[in-house]
Amino acid sequence: MDTLVSLCKRRGFVFQSSEIYGGTGSCYDYGPLGVELKQNIKRLLWRDFVQSRADMVGIDASILMHPTVWKASGHLDHFTDPMVDCRECKLRFRADHVDALPWTHYCPATKGNKFTIPAGEPCSHCGARRTLCPDCGKGQLTAPRQFNLMFKTFMGPVEEDASVAYLRPETAQAMFVNFDNVLQSMRLKLPFGIAQAGRSFRNEITPGNFIFRTREFEQMEIEYFVNPRDAVEGRPADEYWHDRWIADCMAWFRRYGLREENLKLREHDRDELSHYSKRTVDIDYRFPIGWSELMGIANRTDFDLKQHSKFSGKSLTYFDEERKEHVVPYVIEPAMGVDRAVLAFMADAYVEEEVRGEKRVVLRFHPELAPVKVAVLPLLKKREEIVRAAHAIRADLAKQWRVVYDDTAAIGRLYRRQDEVGTPYCVTVDVQTVGDSEKGEAGDGKVTIRDRDSMAQVRVPIDALPGVFHDLLGGGAWAQVAARLERQIQK
Ligand code: ATP
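About the thresholds
Residues numbered from 1 in each chain as written. Predicted model: local features only at pLDDT ≥ 70, side-chain atom pairs only at ≥ 80, totals over all residues. Heavy atoms only, no water. Phe/Tyr/Trp six-rings, centres within 6.5 Å; stacked < 30°, edge-to-face > 60°. Helix = DSSP H or I, 4+ residues; strand = E, 2+ residues; numbered from the N terminus. Lys NZ or Arg CZ within 6 Å of the ring centre and 35° of its normal. Patch = residues over 30% accessible without salt bridge, like charges linked within 9 Å, V, L, I, M, F, W, Y side chains within 5 Å. Areas by Shrake-Rupley, 256 points an atom, 1.4 Å probe, with all protein chains shown as cover. Salt bridge = Lys/Arg side-chain N within 4 Å of Asp/Glu carboxyl O. Buried < 20%, exposed > 50% of the residue type's maximum accessible area, 1.4 Å probe, protein only. Pairing = 2+ DSSP bridges. Axes fitted to C-alpha atoms, helices over the stretch in contact; angles between N-to-C directions. Contact = heavy atoms within 4.5 Å. Near = heavy atom within 4 Å. Polar contact = N/O pair within 3.5 Å; in protein donor to acceptor, adjacent residues only side chain to side chain. Nonpolar A, V, L, I, M, F, W, Y, C, P; charged D, E, K, R; others polar. Parallel < 35°, antiparallel > 145°, perpendicular 65-115°, else oblique. Left-handed = near helix turned anticlockwise from the far one by under 90°. Lys, Arg positive; Asp, Glu negative; His and termini not counted.

### Section: the packing of aromatic side chains
A ring pair, where both rings are aromatic, is described by two values, the distance of the centres and the angle of the planes.
Phase 1 of the analysis: In the structure shown here, the tally under the stated rule is 20 aromatic pairs.
Phase 2 of the analysis: Ring plane angle 50 degrees and centroid distance 5.9 Å describe the contact between Y425 and F469, whose orientation is recorded as tilted. With a gap of 44 residues between them, Y425 in strand β25 (residues 425-429) and F469 in helix α13 (residues 465-473) connect regions that are remote in the sequence.
Phase 3 of the analysis: Members of the aromatic cluster, each reached through a chain of ring pairs, are F49, Y224, Y240, W241, W245, W252, F253, Y256 and F345.
Phase 4 of the analysis: The ring centre of Y276 lies 3.8 Å from the NZ or CZ of R300, which sits over that ring.
Phase 5 of the analysis: The cationic tip of R340 hangs over the ring face of F212; the distance from NZ or CZ to the ring centre is 3.8 Å.

What follows is the structure, given as structure tokens:
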């Protein structure tokens, strides 16, 4: 994790928020490369799960909602975590996370020497297990109290009970309260889904582990409504669609590069299920901090629509034409944390390897995720024609993709820099490309494309570049595209 955090800061992926003021606890800012990566993740989610499907639509709702939404949804009563306080140092912990922390121990068997003991393990000298505060090692912890995670604020100029509002702790509720608006305006038939990507806020007791758990984060949630009376392939529709979404989400992560061995499904036990859930399955990822939740896929039943109908007095049903009856749809909810996806894709892409006796750091991003698709590099920055040609190539390719120009180091260094941020291809302009006008030598108009992963190179005419990158960035494998280009050159 330290390696990733340092790379993120050094190369402009993620910065500590308000760093010049000492930082704001567990708040982060995405830098120039981080914002591209995050936007690519959101764009692909939207393209693959909304735009390309006939049964999906999207919305973009307000973060501040009517306060009754949170009464109806159960968040005011149930959206709590158990919190314990240290009586000595006053630090607070989530009761169910205390045993997952390394703990401080003053060991009586070694004259009270201080040790930091790995999470969950006993002291190797005296055999004691943690009973006191894991941080200071001295104070007793209080009994757990329930702490509501919603951020409270006030709408308008008067801070009074009547103007209390909450920052949404999940994006889901906007899809439920807009269910009828979307159904009527888009004339949809079950099953169909509504998606939304946006910010959520949770006043987490123990945020941490970089962007894994923060108090302000981004989610992409889908509420997929099904008719509970329907059967698909002999199974109740909600159970069938729950499994379909689990499989589709797993396939999506694999498609964009997460390795099979780093992904697993985790079924929630009965006593762990949220108050609205019939069944919940998490997709867990092997983060640098260990196996943890990347996203959750829940069967929320008809709980939310019924609750909002009860509290608002509005009917939130669907008219089943075949059976000539109104039904309250069940809903399957794939809920993904965009920031956790950023962390997972970065962790999975990160590789250190040795090339000719030197360490090479590479982010092997899927080309569609890579923040920069192509870097155009002049071999000699003192040759004006080379620099001019390189700028012209960048400007032309940048009409379609994120393309950068860099001439601030020697070519070997420039390649390494692009490897480290995951740029899949570099284009190098050299003397041969432009020729030498003083000597009356014409250039060949060709440039070198270098592949990040294999470091192999191929020379192609400048005017072929848009077509070549169309193939490569559109999913074409380097080996095939390069072999085809070699054949064309030989003809
Ligand atoms: P956790 O058990 O880790 O607190 P959760 O089960 O409460 O997460 P959900 O309510 O299912 O999370 O939210 C859906 C997704 O939103 C999570 O899988 C995660 O990717 C993301 N998420 C939730 N809380 C946070 C947070 N504090 N910071 C970053 N992402 C979060």
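Having put the structure on the table, let's press on.
### A look at a nonpolar patch on the surface
Phase 1 of the analysis: A surface patch of nonpolar side chains, amounting to about 220 Å² of accessible area, comprises L379, L380 and V431.
Phase 2 of the analysis: Structurally, V431 can be placed in helix α12 (residues 431-434).
Phase 3 of the analysis: Its relative accessible area of 33% is what places V431 among the partly exposed residues.

### Notes on the sheet that holds β25
Phase 1 of the analysis: The mixed open sheet is built from five strands, whose spatial order is β24-β23-β25-β28-β29. Only two strands of the sheet have a single neighbouring strand rather than two, namely β24 (403-405) and β29 (457-461). Direction aside, the axes of adjacent strands within the sheet are offset by 25 degrees on average.
Phase 2 of the analysis: Inspection of the sheet shows strand β28 (residues 446-451) paired to β29 by five bridges, in the antiparallel sense. Looking at β29, one finds that R450 is bridged to Q457.
Phase 3 of the analysis: With respect to the sheet, helix α14 (residues 478-490) is in contact with β25, β28 and β29, its orientation differing from that of β29 by roughly 50 degrees.

### What to know about the site of the ligand
Phase 1 of the analysis: Taken together, 15 residues form the shell around the ligand, and within it E204, R213, T214, E293 and L294 come nearest.
Phase 2 of the analysis: At a separation of 2.9 Å, an oxygen atom of the ligand approaches a polar side-chain atom of R202.
Phase 3 of the analysis: Contact between the ligand and G337: an oxygen atom at 3.0 Å from a main-chain N or O atom of the residue.
Phase 4 of the analysis: When isolated, the ligand has an accessible area of 590 Å², and the protein chains bury 83% of it.
Phase 5 of the analysis: Listing elements by their share of the shell around the ligand, those giving two or more residues are β12 (216-226), β17 (290-301) and β20 (330-337).
Phase 6 of the analysis: When residues in the shell around the ligand are grouped by element, the largest group, four residues, is from β17.
Phase 7 of the analysis: For the shell around the ligand, a count of residues per class yields five nonpolar, four polar and six charged.

### Observations regarding the pattern of salt bridges
Phase 1 of the analysis: For the coordinates displayed, the defined rule picks out 54 salt bridges.
Phase 2 of the analysis: Across the pair D302 and K306 runs a salt bridge whose closest N-O atoms are separated by 2.8 Å.
Phase 3 of the analysis: Across the pair R459 and D430 runs a salt bridge, and its minimum N-O distance is 3.1 Å. Here R459, found in strand β29, pairs with D430, found in the loop between β25 and α12; they are 29 residues apart in sequence, far enough to count as distant. Accessibility classification places R459 together with D430 in one group, the buried group.
Phase 4 of the analysis: When salt bridges that share partners are traced, they join E353, R360, R364, R416, D419, R450, R452 and D453 into one network.

### Comments concerning the pairing of β12
Phase 1 of the analysis: Burial within β12 is extensive, with ten of its eleven residues counted as buried.
Phase 2 of the analysis: With six bridges connecting them, β12 and β20 associate as antiparallel partners. Across the sheet, E221 pairs through a bridge with A335, a residue of β20.

### Side note on the packing of α13 against α14
Axis angle and axis distance: for two packed helices, these are the angle between their axes and the distance between the axes, and together they describe the pair.
Phase 1 of the analysis: At a minimum axis distance of 9 Å, the contact between α13 and α14 shows a crossing angle of 155 degrees. Between α13 and α14, the interaxial angle falls into the category roughly antiparallel. Judged by the twist between their axes, the crossing of α13 over α14 is right-handed. Facing α13, whose interface residues are V468, D471 and L472, α14 presents W478, V481, R484 and L485.
Phase 2 of the analysis: The residue makeup of the contact of α13 with α14, split by class, is five nonpolar, no polar and two charged.

### Comments concerning the environment of G58
Phase 1 of the analysis: Looking at where G58 falls in the secondary structure, it is placed in strand β3 (residues 56-58).
Phase 2 of the analysis: In this structure, the C-alpha to C-alpha distance between G58 and I117, residues 59 residues apart in sequence, is 48 Å.
Phase 3 of the analysis: In this structure, G58 is in contact with W46, V50 and A195, ignoring residues within four places of it in sequence.

### A word on the side chain of E221
Phase 1 of the analysis: Relative to the helices and strands, E221 resides in strand β12.
Phase 2 of the analysis: Of the side chains with opposite charge, R300 lies nearest to the buried E221, which makes no salt bridge, at 5.4 Å.
Phase 3 of the analysis: Polar side-chain contacts of E221 include one of 2.6 Å to the side chain of T171.
Phase 4 of the analysis: Residue contacts for E221: discarding those within four places in its chain leaves E170, T171, A172, M175, I194, A195, Q196, E333, P334 and A335.

### A closer look at the pairing of β25
Phase 1 of the analysis: Buried residues dominate β25, accounting for five of its five residues.
Phase 2 of the analysis: Covered by surrounding structure in β25 are Y425, V427 and V429 together with C426 and T428, the residues of both alternating faces.
Phase 3 of the analysis: The pairing of strand β23 (residues 374-378) with β25 spans five bridges and is parallel. Residue pairing in the sheet places V376 in a bridge with V427 of β25.
Phase 4 of the analysis: As judged from the four bridges shared by β25 and β28, these two strands associate in the antiparallel manner. Bridging across to β28, V427 finds its partner in I449.

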